[in-house]
Amino acid sequence: MSVSTVSSMQMTGQLIGMLDSPYVRRVAIALCHYNLPFEHRPLSVFRDVDAFRQINPIVKAPTFVCDNGAILMDSTLILTYLQKVVDVQNGNPDAHIHLMPTSITQYQKALYLIGLGLNACDKSVQIVYERELRPEEKQHQPWFERVQSQLLAAYDLIEKEMSNREGWLVENQMTHADIAIAVAWQFTQYMISDVVPIDRYPAISALSATAEALPAFKASPLAPGWQPKV
């Protein structure tokens, strides 16, 4: 959402970072789902270091600049803040606006699944960095194999959780668990599809296809001209 499209509305803040980061993208999707007006500044932590450093000296994506100028980092912490913003603005918001279950049992399950999704993000990013940033002669095959096994273990556990369930992961509506896993899945397939075969995880692929069809996901594409891999 650009400045021009929200000029008549009070800005929630600025989201700094590229949408090809799964962490930035999960925040952007939540902002769109909540219908919170924001400005997206697609700065790269590699190509736009100087500009990024002027906003946040740590140069961490995502960075969220709140409407009062406060700086927040880490996607999970930003999402916690955004839910608080929604609660304050709406008083007692309708259930559909929430992205976490109210039942403690379901809340616990959602946190478990979010953890798996974020682990898949982390391990995918580690593999990308190992391949693209570390010189080939310094790459360590045992380390690569360890990270790959952790990545596959995360997706194996997610697929198992979905084996006896249709639709969304936890409730009959989307939660942060669905967003985290769908975003992780498309990032993995976009960057390292050779490491995680798509036909091994049909349930995750189906969940991703359902999520990517939603307006909040379509408004936050991973890259210009990108199409989800399903």
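Residues numbered from 1 in each chain as written. Predicted model: local features only at pLDDT ≥ 70, side-chain atom pairs only at ≥ 80, totals over all residues. Heavy atoms only, no water.

Caption draft 1: Seen up close, helix α5 (residues 141–162). Between its terminal C-alpha atoms α5 stretches 32 Å, which fits the 32 Å expected from 22 residues at 1.5 Å a residue. Listing the buried residues of α5 in full gives Phe144, Val147, Leu151, Leu152, Ala154, Tyr155, Ile158, Glu159 and Met162. Each buried residue of α5 lies within a common arc of 150 degrees when the element is viewed along its axis, so the set occupies one face. Those residues of α5 hidden inside the fold are in contact with α4 (104–132), α6 (176–192) and α7 (202–212). (Helix = DSSP H or I, 4+ residues; strand = E, 2+ residues; numbered from the N terminus. Expected span 1.5 Å × (residues − 1). Buried < 20%, exposed > 50% of the residue type's maximum accessible area, 1.4 Å probe, protein only. Arc of directions from axis to C-beta. Contact = heavy atoms within 4.5 Å.)

Caption draft 2: Layout of the side chain of Ser44. Its place among the elements puts Ser44 in the loop between β2 (38–41) and α2 (49–55). Looking at Ser44, its side chain comes within polar contact range of the main-chain nitrogen of Phe46, at 3.0 Å. (Polar contact = N/O pair within 3.5 Å; in protein donor to acceptor, adjacent residues only side chain to side chain.)

Caption draft 3: Highlighting the packing of helix α1 (residues 22–34) against helix α3 (residues 75–90). The N-to-C vectors of α1 and α3 enclose an angle of 10 degrees; their axes lie 9 Å apart at closest approach. It follows from the interaxial angle that α1 and α3 lie roughly parallel. Across the interface between the two elements, Tyr23, Arg26, Val27, Ala30, Leu31 and Tyr34 from α1 touch Ser75, Thr76, Ile78, Leu79, Leu82, Gln83 and Val86 from α3. When its residues are assigned to classes, the contact of α1 with α3 shows 9 nonpolar, 3 polar and 1 charged. (Axes fitted to C-alpha atoms, helices over the stretch in contact; angles between N-to-C directions. Parallel < 35°, antiparallel > 145°, perpendicular 65-115°, else oblique. Nonpolar A, V, L, I, M, F, W, Y, C, P; charged D, E, K, R; others polar.)

Caption draft 4: Looking closely at unusual backbone geometry. Cis geometry is found at the peptide bond from Ala61 to Pro62, where omega equals 0 degrees. Within the fold, Pro62 resides in the loop between α2 and β3 (63–66). Phi angles above zero are rare outside glycine, and Asn35 is one such case at about 60 degrees.

Caption draft 5: Summary view of the pairing of strand β1 (residues 13–16). Judged from the 4 bridges that link them, β1 and β2 form a sheet pairing that is parallel. Bridge pairing links Gly13 to Phe38 in β2. (Pairing = 2+ DSSP bridges.)

Caption draft 6: Inspection of the packing of aromatic side chains at higher detail. As enumerated under the stated definition, the model contains 5 aromatic pairs in all. Ring centres of Phe64 and Tyr81 lie 6.3 Å apart, and the angle between their planes is 50 degrees; on these two criteria the pair is classed as tilted. Residue Phe64 is found in strand β3, and its partner Tyr81 is found in helix α3; the two are separated by 17 residues along the sequence. Ring geometry for Tyr155 and Trp185: centres 5.1 Å apart, planes at 85 degrees, overall edge-to-face. You can see Tyr155 sitting in helix α5 and its partner Trp185 sitting in helix α6, a full 30 residues away along the chain. (Phe/Tyr/Trp six-rings, centres within 6.5 Å; stacked < 30°, edge-to-face > 60°.)

Caption draft 7: Up close: the packing of α1 against α6. Taken N-terminus to C-terminus, the directions of α1 and α6 make an angle of 135 degrees; their axes are 9 Å apart at the nearest point. Overall, the two elements α1 and α6 adopt an arrangement that is oblique. Crossing geometry of α1 relative to α6 is assigned as right-handed. Together, Pro22, Arg25, Arg26, Ile29, Ala30 and Tyr34 of α1 and His176, Ile179, Ala180, Val183, Gln186 and Phe187 of α6 make up the contact between the two elements. Class assignment for the residues of the contact of α1 with α6 results in 8 nonpolar, 2 polar and 2 charged. (Left-handed = near helix turned anticlockwise from the far one by under 90°.)

The analysis is restricted to geometry; functional conclusions fall outside its scope.
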